[in-house]
Every structure is written in structure tokens, then in C-alpha cells.
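Spelled out, the chains give:
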Amino acid sequence: MAQATEQTRGILMSETALRHVKALQQSQGNKELCLRVGVRQGGCSGMSYTMDFEDPANINEHDEVYDYEGFRVICDKKSLLYLYGLMLDYSDALIGGGFQFTNPNAVQTCGCGKSFGA
């Protein structure tokens, strides 16, 4: 498991996204949960973003771990090939709200913003 410094984070998070994820973590009742970010085949543009809470016991040596004020974001190295430099943001707007992914590696993105092509 590789621990990254602030300057070398492969997955970036806005303050708004971090606050929202921490609130979701609290609602799960487990302050130790981490956020796993990745990709999978599918979606409108070929690949979809995945995000889910992960027990720290499931972090393995092939994962990159980024620390945000004690909250950890995890990404497997295969997904990181497609996500390096990703900015995760959150908006509470009535239209178009939710998590937003700004991916510098995406050649095309879907209108919903939840899938991309690389």
C-alpha cells in the first residue's frame, strides 16, 4: 500500500466533496471506513466511475491510498491508469447536483457525467 503526500495525490477532492463524504461516512456509523474510487466497463461512454465505502482491512498492497485530513481515499492501480488527476467535487444543486467527476484522462464524457471514454 503506497501512502501519497498532498503533492502527489492521484485522486483530488474538493472541500465540498470531502465534507459530504465524511457526512456519509458518519451516517454509516463507522468512522474507519475509507472511500474506494475506481472504474468498471460499462456506461454510456464505455467506462463508469465507481465509489463505495471500504473497510480498511480490505486495502491491499496494490492500492494507492490518499489521506485527506484523516479520511482515506483508495484506488486500485488499474483504475488509477484512467483516473490519475481526477477531481471529485460535490454540488447540492437541484438540477445536476451530486458528485461530479472532472477527469483529465477522459476523451469523451456522457451527458450524465458518470461515465467516460479514454
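In this convention, every chain numbers its residues from 1, walking through the sequence in written order. Note on the predicted model: pLDDT of at least 70 is required for a residue's local features to be given, and 80 or more for side-chain atom pairs to be given and counted; whole-chain, interface and lining totals, by contrast, use all residues. Remark: hydrogens and water are excluded; side-chain values derive from all non-hydrogen atoms of the structure.

- As recorded by an unreviewed UniProt entry, the chain carries the name Iron-sulfur cluster assembly accessory protein and is attributed to Leptolyngbya subtilissima DQ-A4.

**Here's the deal with the overall build of the chain**
Then, in step 1: Working definition: helices are DSSP H or I runs of at least four residues, strands are E runs of at least two. Numbering for both runs from the N terminus. A count of helices and strands for the chain gives two helices and ten strands.
Then, in step 2: Listing each helix as α and each strand as β along the chain from the N terminus yields β-β-α-β-β-β-β-α-β-β-β-β.
Then, in step 3: Expressed as a percentage of its 118 residues, the buried residues of the chain come to 39%.
Then, in step 4: The contacts in the chain between residues at least 6 apart in sequence include a share of 56% that link residues at least 24 apart.
Then, in step 5: If you sum the accessible surface of the chain, you get close to 6,800 Å²; carbon and sulfur atoms cover 50% of it. Burial here depends on accessible area, computed with a 1.4 Å probe over protein chains only, as a share of the maximum for the residue type. Under 20% is buried, over 50% is exposed, and the range in between is partly exposed. The criterion used for residue contact is that any of the two residues' heavy atoms lie within 4.5 Å. Computed by Shrake-Rupley with a 1.4 Å probe, the accessible areas treat only the displayed protein chains as cover when residues are assessed.

**Side note on the packing of aromatic side chains**
Then, in step 1: Here the aromatic set is Phe, Tyr and Trp, taking the six-membered ring for Trp, and pairing holds for ring centres within 6.5 Å; pairs whose planes are under 30 degrees apart are stacked, those over 60 apart are edge-to-face, and all others are tilted. As enumerated under the stated definition, the model contains two aromatic pairs in all.
Then, in step 2: Judged by centre distance (5.0 Å) and plane angle (65°), the rings of Tyr-90 and Phe-99 are edge-to-face. Both residues of the pair, Tyr-90 and Phe-99, count as buried.
Then, in step 3: Two conditions define a charge located above a ring, namely a distance within 6 Å from the ring centre to NZ of Lys or CZ of Arg, and an angle within 35 degrees of the ring normal. One Lys or Arg, Arg-9, reaches over the ring of Tyr-68 and ends 3.8 Å from the middle of that ring.

**A word on the pattern of salt bridges**
Then, in step 1: Only one rule defines a salt bridge in this text: a Lys or Arg side-chain nitrogen within 4 Å of an Asp or Glu carboxyl oxygen. Counted under the stated rule, the structure contains four salt bridges.
Then, in step 2: Glu-69 is the partner of Lys-22 in a salt bridge, and the nearest nitrogen-oxygen pair spans 3.5 Å. Here Lys-22 is found in helix H1 (residues 15–28), whereas its partner Glu-69 is found in the loop between strand S5 (63–68) and strand S6 (71–76), with 47 residues between them in sequence.
Then, in step 3: Owing to a relative accessible area of 25%, Lys-22 belongs among the partly exposed residues under this scheme.
Then, in step 4: Across the pair Lys-77 and Glu-64 runs a salt bridge, and its minimum N-O distance is 3.9 Å. One end of the pair, Lys-77, is in helix H2 (residues 77–83); the other, Glu-64, is in strand S5, and 13 residues separate them in sequence.

**A word on the nonpolar core**
Then, in step 1: Residue types Ala, Val, Leu, Ile, Met, Phe, Trp, Tyr and Cys, when buried and joined through side-chain atoms within 4.5 Å, form a set referred to as a nonpolar core. Core analysis: the biggest nonpolar cluster contains 22 residues, and Ile-11, Met-13, Val-73, Leu-83, Leu-86 and Leu-88 have the highest contact counts within it.
Then, in step 2: Residue contacts for Leu-86: discarding those within four places in its chain leaves Gly-10, Ile-11, Leu-12, Val-37, Tyr-49, Phe-101, Thr-102, Asn-103 and Pro-104.

**Re the environment of His-62**
Then, in step 1: Counting through the fold element by element, His-62 comes out in the loop between strand S4 (47–54) and S5.
Then, in step 2: Between the C-alpha atoms of His-62 and Lys-77, which are 15 residues apart in sequence, the distance is 6.2 Å.
Then, in step 3: Once residues within four sequence positions are removed from consideration, His-62 is found in contact with Cys-75, Asp-76 and Lys-77.

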